[in-house]
Amino acid sequence: MTEHHRVPVARPEVVRAWVDGWVRSRGADGAVAVPGGFRIAVGRTDQVARYVLPAADPAVLRRLSVALITPGLWLKVCAPRSAVEPALPASWDFQAPEYLMTAPLGRAVRTGVRDGVPDGLRDGLVPGAAPAPPPDPAVLPGGYVVETVAQGGLVDARAFSTTGEVAAGGRVALAGTVAVFDRVSTDPAHRRQGLGRVVMTALAARAAQQGATQGVLVARDDGLSLYRAMGWELHSPVTTAVLRRRGTR
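Chains are numbered independently. Their residues run from 1 in the order of the written sequence. Under the rules for a predicted model, residues below a pLDDT of 70 receive no local features and side-chain atom pairs below 80 are neither given nor counted, while totals for whole chains, interfaces and linings still include all residues. Hydrogens and waters are ignored; side-chain quantities use all the structure's heavy atoms.

### Let's talk about the nonpolar core
And then number 1: If you look at the biggest cluster of nonpolar residues, it comprises 32 residues, and the most contacted ones within it are Met101, Leu105, Val172, Ala179, Phe181, Leu217 and Trp232.
And then number 2: Here a strand is any run of E in DSSP of at least two residues, a helix any run of H or I of at least four, and the numbering for each starts at the N terminus. Mapped by element, the contributors of at least two residues to this core are strand S6 (98-104), strand S11 (154-160), strand S12 (166-175), strand S13 (178-186), helix H4 (195-209), strand S14 (214-219) and helix H5 (221-229).
And then number 3: Those residues within four positions of alanine 179 in sequence are excluded, and the remaining contacts are Leu105, Val172, Ala173, Leu174, Ala207, Ala212, Gln214, Gly215 and Val216. We call a set of buried Ala, Val, Leu, Ile, Met, Phe, Trp, Tyr and Cys residues a nonpolar core when their side-chain atoms join them within 4.5 Å. Burial classification: accessible surface area is computed with a 1.4 Å probe over protein chains only, and a residue below 20% of its type maximum counts as buried, one above 50% as exposed, and the rest as partly exposed. The contact rule is simple, with two residues in contact once any of their heavy atoms fall within 4.5 Å.

### Side note on the pattern of salt bridges
And then number 1: Salt-bridge detection follows one rule: a side-chain nitrogen of Lys or Arg within 4 Å of a carboxyl oxygen of Asp or Glu. Within the structure shown, the criterion is met by nine salt bridges.
And then number 2: Put simply, arginine 11 and glutamate 13 hold a salt bridge, and the shortest N to O gap is 2.9 Å.
And then number 3: Owing to a relative accessible area of 47%, glutamate 13 belongs among the partly exposed residues under this scheme.
And then number 4: Among the salt bridges present, the one from lysine 76 reaches glutamate 98, with a minimum N-O distance of 2.6 Å. One end of the pair, lysine 76, is in strand S4 (residues 73-77); the other, glutamate 98, is in strand S6, with 22 residues separating them in the sequence. Here lysine 76 and glutamate 98 have matching classes, each one buried.
And then number 5: What emerges from the salt-bridge pattern is a single network uniting Lys76, Glu98 and Arg220.

### Some remarks on the packing of aromatic side chains
And then number 1: A pair of aromatic rings is counted whenever rings of Phe, Tyr or Trp (Trp by its six-membered ring) have centres within 6.5 Å, and the orientation is called stacked for planes under 30 degrees apart, edge-to-face for over 60 and tilted otherwise. Tallied over the full model, the rule gives two aromatic pairs.
And then number 2: Both rings, one in phenylalanine 181 and one in tryptophan 232, keep their centres 5.2 Å apart while their planes meet at 85 degrees; by these two values the pair is edge-to-face. Of this pair, phenylalanine 181 sits in strand S13 while tryptophan 232 sits in the loop between H5 and strand S15 (233-243); the two residues are 51 residues apart in sequence, bridging distant segments of the chain. When sorted by exposure, phenylalanine 181 lands in the same class as tryptophan 232, which is buried.
And then number 3: An aromatic cluster of three or more residues is present, and its members are Phe181, Tyr227 and Trp232.

The following block contains the structure:
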């Protein structure tokens, strides 16, 4: 494999920050260190627990595949599927690829309006700049209002339509100086309005105000282009596998 095509290797400290932030965001029990990674008790029927591994160590994966027998267990491995699949039996179902991404957090620069979106809610990631969050609530073109609430190490942002319904939202969980972005979504009826970017920028600004200097998130294919356009960089691919019930497919 050439250097140009080398698969990124996740740094353990980035994975640990992602794990800690996810636990705080979802209100789960704390992560427990296990050989090769971390275990998080989730307690849902469709996700009993998740194992997060910073690397696809074949020996670790083989041991887990033997030890784990409860349907609904998840593996999240910071590696491409091609590195994970050979070590797991056919009882594991692979999910759509995901991407661990990082970005420096900076201030929102409010200089005007472009394409119907205030610059201060567009350019939310400016490396090296001092945090200066936009006013809260901020009124956007189209009558949308975005509000943020920070409490207990969490920052929530929601964009409301003129009728008061939640059009988009997201959350940041602070893990030291790292802000872990989670649950960023836009209602289908309000897509293509730039609300995903607005929510991300509002969250980034508030997190930076509280001392976060680095952002971490896990993206799916449908959010990858937005995050890259906002300055996020791929840190590592993430492969998810779920242990299904015996006899099901």
